[in-house]
Amino acid sequence: MTDSLSQSVQQLGLRLPEPSQPIANYVNHVLSQNQLFISGQIPLLDGKPAFIGRLGEAISDEEGVKAAELAALGLLAQLSHALGDDLSKLVRILRLGVFVAATPDFKAQGAVANGASNLLVNALGDKGRHVRTAVGVASLPAGVAVEIDAIFELKP
């Protein structure tokens, strides 16, 4: 595995987007000792929100998985920016939080979250294995179907 996160992603046939910028009074990431906290990332295509709607209503399960993958690419873009694209600084992902906008009867949050989890493990190998929470919510910023955030452990 290469020490370049962008190259690892390219080997999957994907490209890291430009890291998104905060739209309110917060920052993209915070480093505290050896933990890196990355703010919630939504699925963006060409800098615009994608996969608008809720699972169990306007968005299919397959589209939800794609939304989670796209949000994970945004998360990796933030990670790459924070690490100067140097994966040798990363120990592992500690925790992934996945928020799924869904109808009250939707029950496949975990399957949608697998879109993000699978991409992160494929891009980062064992460093991408993580604990995870997948939660259904009524709505998310910009009306998107998925938002993810994460905590990473870095080398001291």
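Where an unreviewed UniProt entry is consulted, the chain appears under the name RidA family protein, with the organism given as Pseudomonas glycinae.

### Observations regarding the pattern of salt bridges
Across all of its chains, the model carries 4 salt bridges by this definition. Residue Glu 57 is joined to Arg 54 by a salt bridge in which the shortest nitrogen-to-oxygen separation is 3.0 Å. Taking the relative accessible area as the measure of exposure, Glu 57 reaches 52% and is therefore exposed. By relative accessible area, which is 24% here, Arg 54 ends up partly exposed. Note that Arg 95 is salt-bridged to Asp 149, the shortest N-O span being 3.9 Å. With Arg 95 in strand E5 (residues 90-101) and Asp 149 in strand E7 (residues 146-154), this pair connects stretches of sequence that are 54 residues apart. When its relative accessible area of 23% is taken as the criterion, Asp 149 is described as partly exposed.

### Quick look at helix H3 (residues 109-124)
Here H3 spans 23 Å end to end across 16 residues, near enough to the 22 Å set by a 1.5 Å rise per residue. At Gly 115, H3 shows its largest kink, close to 30°. Taken residue by residue, H3 has Gln 109, Val 112, Ala 113, Gly 115, Ala 116, Ser 117, Leu 119, Leu 120, Val 121, Ala 123 and Leu 124 as its buried positions. Where the residues of H3 are buried, they touch helix H1 (5-10), helix H2 (61-83), E5, strand E6 (131-137) and E7. Gly 125 sits one or two residues past H3 and shows a positive phi near 65°.

### Regarding the sheet that holds strand E2 (residues 35-41)
Strand order in the open sheet formed by 5 strands is E1-E2-E7-E5-E6, with mixed pairing between adjacent strands. In the strand order of this sheet, the two ends are held by strand E1 (29-32) and E6, each with one partner. Geometrically, the sheet is characterised by an average inter-axis angle of 15° between neighbouring strands, direction not taken into account. With 5 bridges connecting them, E2 and E7 associate as antiparallel partners. Residue pairing in the sheet places Gln 35 in a bridge with Glu 153 of E7. Relative to the sheet, H2 contacts E1, E2, E5 and E7, its axis offset from that of E7 by approximately 35°.

Scoring rules and cut-offs
Counting restarts for each chain: residues are numbered from 1 in the order of the written sequence. Local features in this predicted model are restricted to residues whose pLDDT is 70 or higher, and side-chain atom pairs enter the listing and the counts only when it is 80 or higher, whereas totals over whole chains, interfaces and linings include all residues. In computing side-chain properties, one takes all heavy atoms of the structure into account and sets aside hydrogens as well as water. For this document, the term salt bridge refers to a Lys or Arg side-chain nitrogen within 4 Å of an Asp or Glu carboxyl oxygen. Exposed residues in this analysis have more than 50% of their type's maximum accessible area, buried residues have under 20%, and partly exposed residues fall in between, with area computed by a 1.4 Å probe over protein chains only. Strands are runs of DSSP state E lasting at least 2 residues, helices are runs of H or I lasting at least 4, and numbering of each runs from the N terminus. One fewer than the residue count of a helix, multiplied by 1.5 Å, yields its expected span. In this analysis the local bend is the angle between axes fitted, respectively, to the seven residues ending at and the seven residues starting at the residue. In what follows, a contact means two residues having at least one pair of non-hydrogen atoms within 4.5 Å. Between any two strands, pairing holds if DSSP finds at least two bridges. Note on geometry: axes are lines fitted to C-alpha atoms, helical ones only across the stretch in contact, with angles between N-to-C directions running from 0 to 180 degrees.

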